[in-house]
Structures are given as structure tokens and as C-alpha cells.
Amino acid sequence: MSTNSLMTVGVQAMFAAQTQLSTTSHNIVNAAVEGYSRQSTRLTTVAGRSTGVGYIGGGVSVDTIERAANRFLTARNNQTQAQASADSTRVDMLTQLEDGYALGEQGLGQAASRLFASFGDMAAAPKDESVRQVVLSAAENLTSRFRSTGEHLDALQTSVTEQLGDEVSVVNGLTEQIAKLNGQLTGTGNAKDQPNDLLDQRDQLIAQISQHIEVNRVDNRGQDGKPDGSVSLFVGGGQPLVMGTTSHDLKAVPDASAPERTRLVVDLNGHDRELTSRSIGGGSMSGLLQFQNEDLVDARAQLGLLATSLADSVNTQHAQGTDLDGAVGQSLLSVGEPKVWASAFNARDGSGEPASRVSINRVAGQGSQLQASDYSLRLDPADNTRYQVTRQSDGTVFSGLDSGAQVDGFTFDVSGAPMSAQDRFLLEPVSAASSSTTVAITDPRQLAGAGATASGSGNANALVMQNLAKAANIDGKTFSNANAHLISDLGVRVQRATADSASSSSLAELNKAQLGSETGVNLEEEAAHLLQYQQSYQAAAKVLGTAQKLFDTMLSIMN
């Protein structure tokens, strides 16, 4: 080997070792950076040349710097992180929901017991207005508990709406960044030298999106059928969030069927495509939507059923008695009116209002028939002159109904233009009741404790009202049992959700650790590499020094 060849080998070796040192140093300083993937220098042997005594090696060259990446582990990590985020978010909201239900002395059950007991006190002293005032105070205490709990549920709905709006803004910012990175990475798909740090940055942005909403990644291909370096992200059964260098915004908008709730849509060139909690799979937004559309809906209906059924039984019995002035008892308790929501997609009249209108009314004295559920109303598919009502809590369908028909303790009436096959209405017989629960009587003399045929100072009706505590007027249960069932059901939900969250979080941590062991930086290994490459550099320098001495010796001989 000539001295020139030896010097070339030495220079190549020094450059290779220097590149390895630089790459290792880059790994060390980025070890704590979230999403950074370990990089390594790939070397190749320079082909030797034939001589009279055999092939002499030509040294080494730096082929490229590659990053440790595992598409399968990365995708699985994003999916499990999305599920963990959804479960964690739902647990947080359920815990807040549970906190809104006071227990013990401050609970609804104890407040109702005091009201029933106060009727007994009034029966013992029917003429004593101070005792009657205690009844009104007990009634006000109970209705106040209903209102505060209902307002807590309303506040949770407001919180869900605000959180979804905030999360949408975050996701839209992330997708915009990914689209810009796609512009920088387009054309690098088949390149030998990959922009590793940009690829890490994009992968980390996708991981951040997965915390909010689960996405599916697709590598885009050029006209030659090979990856072009850009990616597209899809959500909710194929709706695009990112298509190459174009991002599509998410929006949080009022639900088409229930404007008090919020839904997610993807804006595709001015056309909104809805995303449901189930279609988006995981992410915190999925958890929020599941809480809103399932847990909160059930909680509002169960609480509303307690309020409406109790008010109906108390008012019905109160009307059977007479007050101190001999007048027939008026309604003692008042609750919020039932609500009807017309779908945003229903046919409209010239003023923009729904062409068909629906109203519902709870049937007095039928409170025991009411259910803790919302209902949907549409034309009966089998007979477009009649209507079909579906109980949403269990899917029970009531078909062949005429306007004015009674379903589960309420009636519905259809007016205006004939309903079209596409029209949908959401009926809430009880869900909005609790927030507006009040005491309808302010004068203690108007409490109807006497029987209908007795004098105004009798106590027969007060005794019957006291015994309402034992009446199974709420979906076949007493108030105490119905309230206990509500609390128990919520507790079971929290326990199950907590267990699901613990399980998904554990799996997410496991997958994150597996990905980290595959692609992350081990500082001890990198420290060992530093020593190894430092020795390589020093050895290469000695090769170069030796070549220089040989060259100097040859010059001196020639001189």
C-alpha cells in the first residue's frame, strides 16, 4: 500500500470516527427529549484493490445516519395511549359527577325522609302553623338539593363543551404542523439519507394527537407507487384530518338532535362530517363524548325521574286533601317542564322553524309509569300515518302510535305540517326536571293535611302523605330505594371505569417501555460508545501519523 493510500485510509477512518462521535453526542443531549429516536452511524467498507500479493482494503466510508424506528411498536403505542387517555378522562368526569351527589345528612334521601317525617308531625298537630312551616322548610330543603344537584350536572355539560372546544383547538394546531412537515418531507421517502429529526418531530406530533383523538396513519405514495415521505391521518371511520400538505379542521358544534350537547365534526371543504365517540376510538375527546352521551344523559334522566315521580305522587295525594281554610290542596312541588328538541336536519318552514312541531306532557297521577330515559320520535316506517317512539335507555320501540298517545307516563302531540320520513325529535320527559324543582306553596295554611270530607284542621291526608315514604312510586321502588339505586349505579360506573383506566394505563406504560427500549437512548450504552469511538479516532490519527512519517522518510531518502 502506498503512503497516499495509507493516508487516505487514515483520513476516512478519522472522518468515520468523528461522525460516530457526533451522532453519539447528539443521542446523549437528546436522551430526555420526548419522542427522540436513537440514531446510529452506518459504515461500509471501501472495496479493496488487487495487488500482486492480494487485495488490500480501501478503508471505510460513512454510508448514512439512521434512526431506530419501529412502525408496529409506534402504532401500537399511539393506540394504547389513546385508549388510556380516553379512560382516564372519563374517570375524571365520572368522579366529578359522583362528587355532585351529597350523601348522608346532606343527601337527597335524608332530605326526602325529613319531608315525609314532617307530614307526620303535621298530622300530630294539624292546626299548628309553626309545624306546618317546618313542612315547607323541609320541602324547600329537598327541592334545593334537587336544584343544586341538577345545576351540578348542567355545569358538567358546560365543562364538557368547553373542554371539547379547547381540545379541538389543540388538535387543529397539531394537524397544521404535520401538514407543514409533510411539505418538508415530501420527496424523501426513498432517499438514502433520511431527515431523522424531522421524522421524529412528526411522529411525536402524531403521538400528541393520539392523546386527544385516535388516528390512523397512512404513508402516501408517489406516482411511481413508492412512499414519497408524507403521511395522511384519518379518524372516525375514514374522515381525513391530514391529507399530505392539507389539514382539515375539527369543530365542536351543537348536537343536531340535542343542542344542549356537543358533537365533533370534520370540516371537509365546508361540509361537516360527524364523528361519534365510538367512531373516534380513543383519546380524551372520546372519553368526554362517552361521558356526555352516556353517563351524563343517564344521570340527568335518573335524577329527573326522582324529582318528577316524587312531585307527582306528593301533588296527587295533596290534591286529595283540604287546607286549613277548607280549600282543596294545590300542587306542593313544581319541577321543570319536559323538553322536545327538533333535529337540525328536520324540514323547515318559510321562517326557518321546524315545519312539524311536537309537544309532550307528563300525565298527572302517572308518575310511577315514568322512566329514566330520553326518547326519539319519528314516523312509523311501517305506517307513515302513525308514529314510532323509541326508549333510548333500553331500545324499547313503541310503534303504530297516533298523535296524543300515551307512552311511559307522558303523551306527545304532533302539529304543523305533516312529518317527513327524515324528521327526528328528541323527547325529554324527565331529564330537565331537577334543575327547576321548587316549592309551589308559600303559605303554611295551604298545606292540605285534612281529608277531603273532613274539616280543614283534620290530619287524614297528612298521615297518607307521611306513608308516601313507603310507596313504590318510582319505577317500582320507594324514593329511598330509587335514590340508593342511583347512587349505587353511579358508584359501579366509577369503579368499572377506574378499573378500565388502570388496565389501559398499565398496557400503555408497557407499550411505551417496549418502544423506548427499541428506539430510545440508553445513556450507559452511549457513554461506552463514546469511549469506543474516541479510541477509534485516536487509532485513526495514529494511522495518519504513521503515513506522514513514512512519507517524510521517503522524501529524505529521495533527497
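These notes cover the structure that comes with them.

Let us now look at the overall build of the protein chain. Within the protein chain one finds 9 helices and 23 strands. Against the 2.2 N^0.38 benchmark of 24 Å for 559 residues, the protein chain shows a C-alpha radius of gyration of 37 Å, more extended than a compact globule. Principal-axis analysis of the C-alpha atoms places the extent of the protein chain at approximately 140 × 55 × 30 Å. Within the span of the protein chain, comprising 559 residues, buried residues form 44% of the whole. In the protein chain, 70% of the contacts between residues at least 6 apart in sequence involve partners at least 24 apart.

Now for helix H6 (residues 284-318). Compared with an ideal rise of 1.5 Å per residue, which puts 35 residues at 51 Å, H6 spans 48 Å between its outermost C-alpha atoms and is within 8% of the ideal. Of all bends in H6, the biggest is about 35°, found at Phe291. In terms of residue burial, H6 counts as a mostly covered element, since 30 of its 35 residues are buried.

Let's shift gears to the packing of helix H4 (residues 129-185) against helix H5 (residues 196-212). Put simply, H4 and H5 touch, their axes get as near as 10 Å, and they point 155° apart. Regarding the angle of H4 to H5, the classification is roughly antiparallel. For the crossing formed where H4 meets H5, the hand is left-handed. In this structure, H4 uses Glu167, Val170, Val171, Leu174, Thr175, Gln177, Ile178, Leu181, Asn182, Gln184 and Leu185 to contact H5, whose residues at the interface are Leu198, Leu199, Gln201, Arg202, Leu205, Ile206, Gln208, Ile209 and His212. Here the contact of H4 with H5 is composed, by residue class, of 11 nonpolar, 7 polar and 2 charged.

With 78 residues, the main nonpolar core has Leu97, Phe146, Ile213, Leu250, Met285, Leu332 and Phe479 as its most contacted residues. Of all the elements, H4 adds the most residues to this core, at 17 residues. What Leu250 contacts, discounting residues up to four positions off in sequence, is Val168, Val171, Asn172, Ile213, Leu241, Val265, Val266, Leu275 and Met285.

Below, the discussion takes up the sheet that holds strand E20 (residues 410-416). Taken in spatial order, the 3 strands of this open sheet run E15-E20-E19, and their pairing is antiparallel. Looking along the sheet, the strands with just one partner apiece sit at the ends: strand E15 (356-362) and strand E19 (406-407). The sheet contact formed by E15 and E20 spans 7 bridges and is antiparallel. Bridging across to E20, Arg357 finds its partner in Ser415.

Thresholds applied
Residues numbered from 1 in each chain as written. Predicted model: local features only at pLDDT ≥ 70, side-chain atom pairs only at ≥ 80, totals over all residues. Heavy atoms only, no water. Helix = DSSP H or I, 4+ residues; strand = E, 2+ residues; numbered from the N terminus. Rg over C-alpha atoms; globule rule 2.2 N^0.38 Å. Buried < 20%, exposed > 50% of the residue type's maximum accessible area, 1.4 Å probe, protein only. Contact = heavy atoms within 4.5 Å. Expected span 1.5 Å × (residues − 1). Bend = angle between axes of the 7 residues up to and from the residue. Axes fitted to C-alpha atoms, helices over the stretch in contact; angles between N-to-C directions. Parallel < 35°, antiparallel > 145°, perpendicular 65-115°, else oblique. Left-handed = near helix turned anticlockwise from the far one by under 90°. Nonpolar A, V, L, I, M, F, W, Y, C, P; charged D, E, K, R; others polar. Core = buried A, V, L, I, M, F, W, Y, C linked by side-chain atoms within 4.5 Å. Pairing = 2+ DSSP bridges.

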